[in-house]
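Summary of the model geometry
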Amino acid sequence: MIYKALIAALILLLLGCSIERNVKLDTRLPHPPAFKQTPLHIGVYYSPEFLGYTERKQLIMCGPSGRRDPSDIYFTFPVGSASRDLFDQVIGSMFTEITRKAGPLTNTSSVDALFEPQIEFFDWDMVCSKDFLSTGIISAKVSYVIHLYNGPDMHLVASLHVEGRSSEKPEFCFEECRDSLAAEQAIQDAMARFMIAFQEQPEVKRWFSTRTATTGNQQ
Amino acid sequence: MRSLAKPIASLSIFLFIAACTTVQTQSEFQNSISLSPLDNVVLLSNLASDQDFSDKDVDRCIRPAMFDAAPELHFIPAKQFRENLYPYFMPSTTPRDLDDYRKILERAEVQKRVASLGVRYLIILTKGKTDEDWHGGILCGAGYGGGGCFGLSWWDRKSELGLAIWDLQNKSRAGSVQANATGTGIMPAFGLPIPLYMPATESAVCRELGSRLGKFLNGQE
């Protein structure tokens, strides 16, 4: 996709224009994650800030000896909606029952816990090698903080910080071109980290043991 | 200028003769193995530590020589393996040591997925880099009557690759293999700089490693 954009950029640059491109991100996994479900009823709340989170990034080209040349090509990444799609799938594979909540305090007594994910940052850049015929690698990073509240009293149990990253070589592409430019993989990496780190967090472990004891569920 | 051309030409010829790619290999295999026709192999890059080699690069590098050495091997695409084993084997969740592998492979859901894919051996990149060191010099100039370059450059190139082999059925490390290749490239300039020899160190390492791994999985080593 970068090369198509570059050819178009060359034409448009001659006309003094810049290119804006809305990147389509499909973070959903083709198979359910290989993960054991816990029998708990979980609520999820996505804030408007989370859902509407987008980042506009300028494409950097690599010049001789790693020189960074800003181009007039801009990509807009819909990080919030892409994160929601994957978080829905991930949470669905971690717990047996999921309810989407309209607000952070909306009828939380019916759920065992409530998750509220927030995006801390999203970064996307071209990393240029230092050799004379410099080549670039696209690098994407995303960071989330995911709050876990105890269902009935909305007491904050834990806040998990998870980061995901990915890198991808720009490639000539004519068929079946992927549009993600490493962003999808970075989001998937962060969510994978969340799934594993969640179980290891001491506060979560303590909460789990009390919760499963009171509800009679077993992990 | 003519007085310099002779020594440079002689040096070029000497370096051209001296320039060749040498490969060194180290391998350590735990046990000889017998692969059943249902056992598959998967080749993975290490997304956690290596940006230069993607799954596709590792596949392009290793698979052809492995297949030449052991045509009966069946490969599962890295993408299919990663998609089935999510959330494991992502950049942040790739297991690093024997304990990590055991922890993951003991999970029932993981065992089910590995079994359904029929993957017996996972071959994962542990090290992959290529370094170049340039010497000599080429001077270029231009005037009203034209332009050109004159001089001689040569560069030492070293490629190193290492791979670990994990037996997913026995939850153990089956071995590791590393290779490095060095070579010198030459680029004289008599008017235009034209490389006379470019050392293909990376493909030499790939061929050597692929061949070793193919023989190992074939029970020949």
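Here the structure is a predicted model, which is why all the values come from computation and not from measurement.

1. Here's the deal with the overall build of chain A
Each helix and strand counted, chain A has five helices and eight strands in total. Reading chain A from its N end, one meets helices and strands in the order α-β-β-α-β-β-α-β-β-β-β-α-α. The buried share among the 219 residues of chain A stands at 31%.

2. A word on the overall build of chain B
Assigned secondary structure in chain B consists of six helices and six strands. Walking chain B from its N terminus toward its C terminus, one meets helices and strands in the order α-β-β-α-β-α-α-α-β-β-β-α. In terms of overall dimensions, chain B is more spread out than a globule: its C-alpha atoms have a radius of gyration of 23 Å, far above the 17 Å expected for 221 residues. Judged by the C-alpha coordinates and their principal axes, chain B covers about 75 × 35 × 25 Å. Of all 221 residues assigned to chain B, the portion counted as buried reaches 35%. For chain B, the proportion of contacts with a sequence separation of at least 24, taken over those separated by at least 6, is 73%.

3. Details of the interface of chain B and chain A
The parts lose accessible area when they come together, and the size of an interface is often stated as this lost area. At the interface, 16 residues of chain B touch 20 residues of chain A. Breaking the side of chain B that touches chain A down by element, the ones donating at least two residues are α3 (78-85) and α5 (108-117) of chain B. A per-class count over the side of chain B that touches chain A returns seven nonpolar, five polar and four charged.

4. Looking at the sheet that holds strand β4 (residues 68-77) of chain A
Residues and elements named next belong to chain A. Ordered in space as β1-β4-β3, the three strands form an open sheet in which the pairing is mixed. Two strands in the sheet have a free side with no partner beyond their single neighbour: β1 (19-22) and β3 (55-62). Strand-to-strand twist across the sheet, computed as the mean angle between neighbouring axes with direction ignored, equals 35°. As paired strands, β1 and β4 are joined by four bridges and run parallel to one another. Bridging across to β4, N22 finds its partner in T76.

5. A look at the sheet that holds strand β3 (residues 74-76) of chain B
Hydrogen bonds between backbone groups are what pair the strands of a sheet, and the pairing can be parallel or antiparallel. All names here are of chain B. With mixed pairing, six strands are arranged side by side in an open sheet as β1-β6-β5-β4-β2-β3. Since the sheet does not close on itself, it has two edges, and those belong to β1 (22-29) and β3, each with one partner. The sheet shows a mean angle of 20° between the axes of neighbouring strands, direction not considered. Here strand β2 (residues 40-44) runs beside β3; their pairing, made up of three bridges, is parallel.

6. Some points on helix α3 (residues 79-94) of chain A
Residues spaced three or four apart along an α-helix face the same direction, because each turn holds 3.6 residues. Residues and elements named next belong to chain A. Taking 1.5 Å of rise per residue, 16 residues should cover 22 Å, and α3 covers 22 Å from first to last C-alpha, within 8% of that figure. Burial in α3 covers these residues: V79, G80, A82, S83, L86, F87, V90, I91, S93 and M94. Down the axis of α3, the buried side of the element spans an arc of 155°, and every buried residue falls inside it.

7. Some points on helix α4 (residues 98-105) of chain B
Residue and element names in this part refer to chain B. Three or more residues of α4 are buried, namely Y101, I104 and L105. Viewed along the axis of α4, the buried residues span an arc of 90°, placing them on a single side of the element. Opposite the buried face of α4, at more than 90 degrees from it, the exposed residues are D99 and R102. Turning to α4, the residues buried within the fold contact α5 and β5 (146-167).

8. Considering the packing of α3 of chain A against helix α4 (residues 183-200) of chain A
Residue and element names in this part refer to chain A. Between α3 and α4, whose axes approach to 10 Å, the crossing angle comes to 30°. The pairing of α3 with α4 is recorded here as roughly parallel in orientation. The two elements α3 and α4 meet at a crossing, and its hand is right-handed. Counting all contacts with α3, which are made through A82, S83, L86, F87, V90 and M94, the residues of α4 involved are I187, Q188, M191 and M195.

Each value, and the rule that gives it
Residues numbered from 1 in each chain as written. Chains lettered and ligands numbered in written order. Predicted model: local features only at pLDDT ≥ 70, side-chain atom pairs only at ≥ 80, totals over all residues. Helix = DSSP H or I, 4+ residues; strand = E, 2+ residues; numbered from the N terminus. Buried ≥ 20, exposed ≤ 12 C-beta atoms within 10 Å, placed from the backbone. Rg over C-alpha atoms; globule rule 2.2 N^0.38 Å. Contact = placed C-beta atoms within 7 Å. Nonpolar A, V, L, I, M, F, W, Y, C, P; charged D, E, K, R; others polar. Pairing = 2+ DSSP bridges. Axes fitted to C-alpha atoms, helices over the stretch in contact; angles between N-to-C directions. Expected span 1.5 Å × (residues − 1). Arc of directions from axis to C-beta. Parallel < 35°, antiparallel > 145°, perpendicular 65-115°, else oblique. Left-handed = near helix turned anticlockwise from the far one by under 90°.

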